[in-house]
Amino acid sequence: MIRLILVALFLIIYCLLSIPAYLIELIIGLISKDAKVRSSQWLVCKLGFKPILFLSGVRLTVKGLENVPKDVPVLYVGNHRSYFDIIIGYTLAKNNTGFVAKKSMEKLPFVSVWMKFINCQFLDRENIKEGLKTVLKCIDLVKGGTSIWIFPEGTRTPGNEMLSFKEGSFKIAEKTGCPIIPVAINNTEEIFENHMPRIKSTRVTFEFGAPVDVASMDRAARKHLGAHVQAIIKDMVEKNS
């Protein structure tokens, strides 16, 4: 329980200190929206997420990060096991990256404000029209240079089993031509979800696969893009188990 208490205390302090930082970011945004996004992501990742991972005792193995282009927006596609997937993913992203999160997270105080600052998008999976608006917004963000990270299963699925990937979110890559980076995540559910409320020091693995070039695929292959990317991720997950 000591790790849980340390993380909880840190989050309380961080939220209190984030109030003046929030005001500063608003001022920066009046001068430059891009500068606001960059500085907000630095505050969240370097001063927020990395200390949480340290206090949680996360021992991270990263493979294939060289597969991610440095200055080109990409669509990260990963299997989803834990809330820690997002925390770790943000510390590894090479440029500004917005995660697609479930709509209910928009109601979280403090958290949702910073998520909006760093271009996270909230997806209403029960409303097709609103879901389409979110996908279109992500397409605009990628065209503007922001990477997007999605979990196409739609929910967390602990273990090596995966739900079928929803094809709709892959329109982000189809409409922009950006590379898809398959991301295999192993063992993050052992940090917290498998023994709540305890936080346990855990060895986890993130592997970034070779980019998938949607533009080079024919129309028939694109119809099964989600299944194709899922097969790549599944192979990596099983290899790293």
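Before reading on, note that the structure itself is shown above.
As the structure is a computational prediction, the values presented were derived from the model and not from experiment.

> When you look at the overall build of the chain in this model, what are you seeing that I'm missing?
A count of helical and extended segments in the chain gives eight helices and seven strands. Whereas a compact globule of 241 residues would reach a radius of gyration of roughly 18 Å, the chain reaches 18 Å, a difference of no more than 12%. Once the C-alpha set of the chain is aligned to its principal axes, its extents read approximately 50 × 45 × 35 Å. For the chain, with 241 residues in total, the buried portion stands at 48%. In the structure as shown, the chain presents an accessible area of about 12,300 Å², 62% of it carried by carbon and sulfur atoms. When the 32 basic and 22 acidic side-chain charges of the chain are each reduced to a single mean position, those positions are 4 Å apart.

> Just to check I follow, could you spell out the pairing of strand 6 (residues 180–186) for this structure?
Taken across its seven residues, strand 6 has seven buried, putting it largely inside the fold. Burial along strand 6 is two-sided: the residues Ile180, Pro182, Ala184 and Asn186 and Ile181, Val183 and Ile185 are all buried. Here strand 6 runs beside strand 7 (residues 202–208); their pairing, made up of four bridges, is antiparallel. By the bridge assignment, Ile185 is partnered in strand 7 with Phe206.

> Just checking my understanding: could you explain the sheet that holds strand 1 (residues 58–63) for this structure?
In a beta sheet, neighbouring strands pair by backbone hydrogen bonds and run either parallel or antiparallel. Here we have seven strands laid out as an open sheet, ordered 1-7-6-2-5-3-4, and mixed in their pairing. At either margin of the open sheet sits one strand with a lone partner, and together these are strand 1 and strand 4 (121–123). If you compare each strand with its neighbour and ignore which way they point, the axes differ by 25° on average. Along the sheet, helix 5 (residues 128–143) makes contact with strand 3 (97–102), strand 4 and strand 5 (147–150), crossing strand 4 at roughly 155°.

> I would appreciate a short explanation of the pairing of strand 2 (residues 75–78) in the present structure.
The side chains of a regular strand alternate between both faces of the sheet. Side chains of strand 2 alternate between two faces, with Leu75 and Val77 and Tyr76 and Gly78 buried alike. Note that strand 2 and strand 5 share three bridges and pair parallel. Bridged to Tyr76 within strand 5 is Trp149. Bridging between strand 2 and strand 6 involves four bridges; their strand directions are parallel.

> What should I look at first to understand the side chain of Ser56 in this one?
Among the structural elements, Ser56 can be located in helix 2 (residues 33–56). Engagement of the side chain of Ser56 in a polar contact is seen with the backbone oxygen of Ile52, the distance being 2.8 Å.

> Would you explain the packing of aromatic side chains in this entry?
For any pair of aromatic rings, geometry is given as the distance between the ring centres together with the angle between the planes. Within the structure shown, the criterion is met by twelve aromatic pairs. Relative to Phe99, the ring of Tyr90 has its centre 4.6 Å away and its plane inclined at 45°; by these criteria the two rings are tilted. The exposure class of Phe99 is buried, given its relative accessible area of 1%. Between the aromatic rings of Trp114 and Phe117, the centroid separation amounts to 5.4 Å while the plane-to-plane angle is 80°, which identifies the pairing as edge-to-face. Residue Trp114 and its partner Phe117 are both found in helix 4 (residues 111–117); the two are separated by three residues, about one turn of the helix. Among the residues examined, Trp114 registers a relative accessible area of 8% and is labelled buried. Through successive ring pairs, a cluster of aromatic residues spans Phe49, Tyr76, Tyr90, Phe99, Trp149, Phe151 and Phe208.

> Teacher, can you tell me more about the pattern of salt bridges here?
One pass over the structure, following the stated rule, counts nine salt bridges. One salt bridge in this structure joins Glu130 and Lys133, with 3.4 Å as the shortest N-O distance. Taken together, the residues span about one helical turn, with Glu130 and Lys133 both in helix 5 at a distance of three residues. You can call Glu130 partly exposed: its relative accessible area is 32%. In this structure, Lys239 and Glu207 form a salt bridge, with 2.9 Å as the shortest nitrogen-oxygen distance. Here Lys239, found in helix 8 (residues 225–240), pairs with Glu207, found in strand 7; they are 32 residues apart in sequence, far enough to count as distant. When its relative accessible area of 54% is taken as the criterion, Lys239 is described as exposed. Of the residues examined, Glu207 reaches a relative accessible area of 10% and is grouped as buried.

Thresholds applied
- Residues numbered from 1 in each chain as written.
- Predicted model: local features only at pLDDT ≥ 70, side-chain atom pairs only at ≥ 80, totals over all residues.
- Heavy atoms only, no water.
- Helix = DSSP H or I, 4+ residues; strand = E, 2+ residues; numbered from the N terminus.
- Rg over C-alpha atoms; globule rule 2.2 N^0.38 Å.
- Buried < 20%, exposed > 50% of the residue type's maximum accessible area, 1.4 Å probe, protein only.
- Areas by Shrake-Rupley, 256 points an atom, 1.4 Å probe, with all protein chains shown as cover.
- Lys, Arg positive; Asp, Glu negative; His and termini not counted.
- Charge placed at Lys NZ, Arg CZ, Asp CG, Glu CD.
- Pairing = 2+ DSSP bridges.
- Axes fitted to C-alpha atoms, helices over the stretch in contact; angles between N-to-C directions.
- Contact = heavy atoms within 4.5 Å.
- Polar contact = N/O pair within 3.5 Å; in protein donor to acceptor, adjacent residues only side chain to side chain.
- Phe/Tyr/Trp six-rings, centres within 6.5 Å; stacked < 30°, edge-to-face > 60°.
- Salt bridge = Lys/Arg side-chain N within 4 Å of Asp/Glu carboxyl O.

Geometric values such as these leave the question of function open.
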